[in-house]
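Remarks on the overall topology
Listed below are the residues making up each chain.
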Amino acid sequence: MNKELIQLIDISKSFDGQMVLDELNLNIHENEFVTLLGPSGCGKTTTLRILGGFANPDKGRVIFDGQDITHIPPNKRQLNTVFQKYALFTHMTIAENIAFGLKIKKKSKSYIDDKIRYALKLVNLDGYENRMPDSLSGGQQQRIAIARAIVNEPKVLLLDEPLGALDLKLRQEMQYELIRMKNELGITFVYVTHDQEEALTMSDTVVVMNQGYIQQIGTPESIYNEPENAFVADFIGDSNIIPATMIEDKLVSILGTRFACVDTGFGRNRPVDVVIRPEDVILVEPSEGIIQGVVTHLIFKGVHYEMEVQACGFEWLVQSTTLFPVGKEVGIQVDPFNIQIMNKPESEDEEAVILDI
Amino acid sequence: MTSKSKWLSAPYLFWSAVFIIIPLCMVFYYGLTDKTGAFTLDNILAITSAGHAKALRLALLLSFTSTIVCFLLAYPLAMILANMKVKRHNFIILIFILPMWMNFLLRTLAWQTLLEKNGVINHVLSFFHLPALQIINTPAAIILGMVYNFLPFMVLPLYNALAKIDPNVINAARDLGANHFYTFIRIILPLSIPGIISGITMVFIPALTTFVISSLLGGGKLLLIGDVIEQEFTRMSNWHLGSGLSMVLMIFIVINMILSAVFDKEGEGSML
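Residues numbered from 1 in each chain as written. Chains lettered and ligands numbered in written order. Predicted model: local features only at pLDDT ≥ 70, side-chain atom pairs only at ≥ 80, totals over all residues. Heavy atoms only, no water.

A look at the overall build of chain A
Selection rule: Comment: elements are numbered from the N terminus, with helices defined as DSSP H or I runs of at least four residues and strands as E runs of at least two. A 1.4 Å probe rolled over the protein chains alone gives each residue an accessible area, and that area as a share of the maximum for its type sets the label: buried under 20%, exposed over 50%, partly exposed in between. Any two residues having at least one pair of non-hydrogen atoms within 4.5 Å are treated as being in contact. Values of accessible area rely on a 1.4 Å probe in the Shrake-Rupley scheme; residue burial ignores everything except the protein chains shown. Under this rule, positive means Lys or Arg and negative means Asp or Glu; His and the chain ends count for nothing. Lysine's charge is taken at NZ, arginine's at CZ, aspartate's at CG and glutamate's at CD.
On a plain count of helices and strands, chain A comes out with eight helices and 20 strands. Along the first, second and third principal axes, the C-alpha set of chain A runs to 75 × 45 × 40 Å. When the 357 residues of chain A are sorted by exposure, 53% land in the buried category. Within chain A, residue pairs in contact and separated by at least 24 positions form 66% of the contacts whose partners lie at least 6 positions apart. When the accessible area of chain A is evaluated, it comes to approximately 16,100 Å², of which 48% is carbon and sulfur surface. Charge-centre separation for chain A: the mean point of 33 positive side chains lies 10 Å from the mean point of 51 negative side chains.

In structure tokens, the structure reads:
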């Protein structure tokens, strides 16, 4: 893992008596694509604003490259931000927009011209120098906002839901563009989004946040496959979260039926939550299933069918490429390694997890 | 629009024909004719006579000065208002609009009473053994009256323009390395130009044409072009000369309107 670039230490922030961040700790490494993921109001944007210098934490410190920058104004920080609604300067041409930061740094005209050409090439908008921002589409404006930020050669690029205003197709294209740019530039990206698919697609590290606390930090795979609590499991993708009892290592009782699993170390007869992803629920003939149920709903989703199966008093969400019509009796099977066991949360607010990522 | 709903505008069309278009035609007719009804440009060229030119110069000077003063007072205020939270700024804006609900004549008469030699202000000053203020019947009093009466017309368009600027645009400038001053000069000021132009128009035109403020606070000694025109109509009964001078004044107003149409494409001033 690369060297640490940013450390957020014990950051707390409240607005009008409402706690937004509570003793948040986070380390970000050089050349990492970190995504802060969570529902609105979880504190992810506030975290980004504190990094950019647009909000001051009530408590705690921001360390950047070994230096305390907690009280340094945004114009003195070595990072640049791409804002949600582009925030281009509408009274300037594209070239003037991109040159804005370089002119302040008193760079030479030839240097600035080279940079503009390079940046427009990077975002695939060569030849747009003399256009005005209003004459560009949303996706193009967002690329210009990125170009305007990266010409300053920041060590970190902060992106605040940059694709939020774009339509689905464009958003997917821009996701690939961003990954390409990050690899070409070799700088750290800190990306804020509420879109779990975006987070899983692009990130090296995902930080799942809720109510001002970090819920889980990990690679996209580990966040998806091994959610640490019900919030993460529910927020990342669809899932069946079922109350259960851990009978002993590698054996769990779900809705009164024993299932084999692979988790250990939860103790004996402990109440737990289990997460089973809908694509991991296998529908078979009733006689072959571990438990039996009846299909109650069916929707065609394109890639697969989505079904709801009533079994043992629980509505199971199932995704399958095989069709089982409504009213059909089915059996349910789950492979042991697809049963994810989680501790039950002790309180509403999960304790903040202090983790090194 | 359906043909039926077009008729809804009939009352207004009637109103504007009777009270705007016909009077305007009459001004043009009187302005371009003499007492015998023959065509002449004398009424318009009369602006070059010493007395009229002096009144026009004074009117331009005073209205220009009060526009500048209004701008300098209003801009910082509008910036503060634009940055305020929604709940509070409505109240503050109300305070600024409140005087506009009182009669214009009453407000100006009140200033006359306040500024008089034996007026309220001088009573207060003498109570504290301070020298008396002698600005009534001077250009300063007229500027004071203009600024007081027209300030809200500067504040509101400026506020509208500034409130429209996305805070993230300002954040972006700071993010790219601009300090507060550079951000103001390169971002905030240029983006508020439509509001500046509307504000200037809405203060400059009424200030240029006023005759009430100058006759009440100028004591009838300082004649602005508005006073001259008023006197031609009321005292001299020379509608021809009055109309001719009005047409000259209209040229300045049209120039100002054209400028504001060019810069204020988004209609910042349209709310008034």
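Having seen the model, we can carry on.
Considering the interface of chain A and chain B
When the parts come together, some accessible area is lost, and that loss is often what is quoted as the size of the interface. Rules: Take the accessible area each of two parts loses on contact, using a 1.4 Å probe, and add the two losses: that sum is the buried area. Basic side-chain nitrogens of Lys or Arg form a salt bridge, by our definition, when they fall within 4 Å of a carboxyl oxygen of Asp or Glu. Two N or O atoms form a polar contact when they lie within 3.5 Å of each other; inside protein one atom must be a possible hydrogen donor and the other a possible acceptor, and for residues adjacent in sequence the pair counts only when both atoms belong to side chains.
The interface of chain A with chain B comprises 23 residues on the first partner and 17 residues on the second. In total, about 1,800 Å² of surface goes out of reach between chain A and chain B, with carbon and sulfur atoms giving 59% of it. It is Asn75, His91 and Phe100 of chain A in chain A that bury the most area against chain B; as a group they hold 29% of the surface buried on that side. Summed over the shared surface of chain A and chain B, the number is zero salt bridges. Counting the contacts that link chain A with chain B gives four residue pairs in polar contact (both at pLDDT 80 or more). When contributions to the side of chain A that touches chain B are tallied by element, the ones reaching two or more residues are β6 (79-82), α2 (94-104) and α4 (138-150) of chain A.

Re the sheet that holds strand β9 (residues 205-210) of chain A
Residue and element names in this part refer to chain A. Using the following cut-off: Two strands form a pair only when DSSP identifies at least two bridges running between them. Where helices are involved, their axes are fitted lines through C-alpha atoms of the stretch in contact, as for all axes, and angles between N-to-C directions lie from 0 to 180°.
An order of β6-β7-β8-β3-β9-β10 is seen for the six strands of this open sheet, with the pairing classed as mixed. Two strands close off the open sheet at either side, each with one partner strand: β6 and β10 (213-218). Averaged over all adjacent pairs, the angle separating strand axes in this sheet is 20°, with direction ignored. Of the strand pairs in this sheet, strand β3 (residues 33-37) and strand β8 (residues 188-193) are connected by five bridges, and their pairing is parallel. When the bridges of β8 are listed, Phe33 appears paired with Phe189.

Here's the deal with the domain arrangement of chain A
As a reminder of what qualifies: The domain limits used here are those given by an automatic or database domain assignment.
In terms of domains, chain A is made up of domain 1 (4-225) and domain 2 (241-343). Averaged C-alpha coordinates put domain 1 of chain A and domain 2 of chain A at centres separated by 40 Å.

Details of the packing of helix α4 (residues 50-83) of chain B against helix α8 (residues 139-164) of chain B
Residues and elements named next belong to chain B. Basically, it comes down to this: By definition in this entry, angles of less than 35 degrees are roughly parallel, angles greater than 145 are roughly antiparallel, angles of 65 to 115 are roughly perpendicular, and the rest are oblique. Should the near helix be turned anticlockwise from the far one by less than a right angle, the crossing is termed left-handed; should it be turned clockwise, right-handed. As a working rule, the residues Ala, Val, Leu, Ile, Met, Phe, Trp, Tyr, Cys and Pro are called nonpolar, Asp, Glu, Lys and Arg charged, and the rest polar, with Gly in that last group.
One can describe the packing of α4 onto α8 by two numbers: an axis separation of 6 Å at closest approach and a directional angle of 40°. What the angle tells us is that α4 and α8 run oblique. The crossing of α4 and α8 is right-handed. Of the residues contributing to the contact of α4 with α8, the split by class is 25 nonpolar, four polar and no charged.

Some remarks on the side chain of Asn25 of chain A
With respect to the secondary-structure elements, Asn25 of chain A resides in strand β2 (residues 18-29). Side-chain polar atoms of Asn25 of chain A contact the backbone oxygen of Glu23 of chain A, separated by 3.4 Å.

Description of the packing of helix α9 (residues 167-175) of chain B against helix α10 (residues 180-191) of chain B
Residue and element names in this part refer to chain B. At their nearest, the axes of α9 and α10 sit 10 Å apart, and the two run at 145° to each other. Helix-helix and strand crossings are classified by hand; for α9 and α10 the assignment is right-handed. Together, Val169, Ile170, Ala173 and Arg174 of α9 and His180, Thr183, Ile187, Ile188 and Leu191 of α10 make up the contact between the two elements. Residues of the contact of α9 with α10, tallied by class, amount to six nonpolar, two polar and one charged.

Topic: the nonpolar core
Going by this rule: We call a set of buried residues a nonpolar core when its members are Ala, Val, Leu, Ile, Met, Phe, Trp, Tyr or Cys and they connect through side-chain atoms within 4.5 Å of each other.
One finds Phe89 and Phe100 of chain A together with Ile142, Met146, Leu158, Ile187 and Ile225 of chain B to be the most contacted residues of the largest nonpolar core, which totals 60 residues. Per element, the largest residue contribution to this core is 13 residues, and it comes from α8 of chain B. With 36 residues, the next largest nonpolar core counts Leu102, Ile150, Val151 and Met174 of chain A among its residues.

Quick word on a nonpolar patch on the surface
Residues and elements named next belong to chain B. Note the threshold: Candidates for patches are residues over 30% relative accessible area with no salt bridge; among them, like charges are joined within 9 Å and nonpolar side chains (Val, Leu, Ile, Met, Phe, Trp, Tyr) within 5 Å.
A cluster of nonpolar side chains, Tyr12, Leu13, Phe14, Trp15, Val18, Phe19, Ile20, Ile21, Ile22, Met26 and Trp239, forms an exposed patch at the surface whose accessible area comes to about 1,200 Å². For the nonpolar patch, the element with the highest residue contribution is helix α2 (residues 10-31), accounting for 10 residues. Classification of Ile22 by relative accessible area gives partly exposed; the value is 46%.

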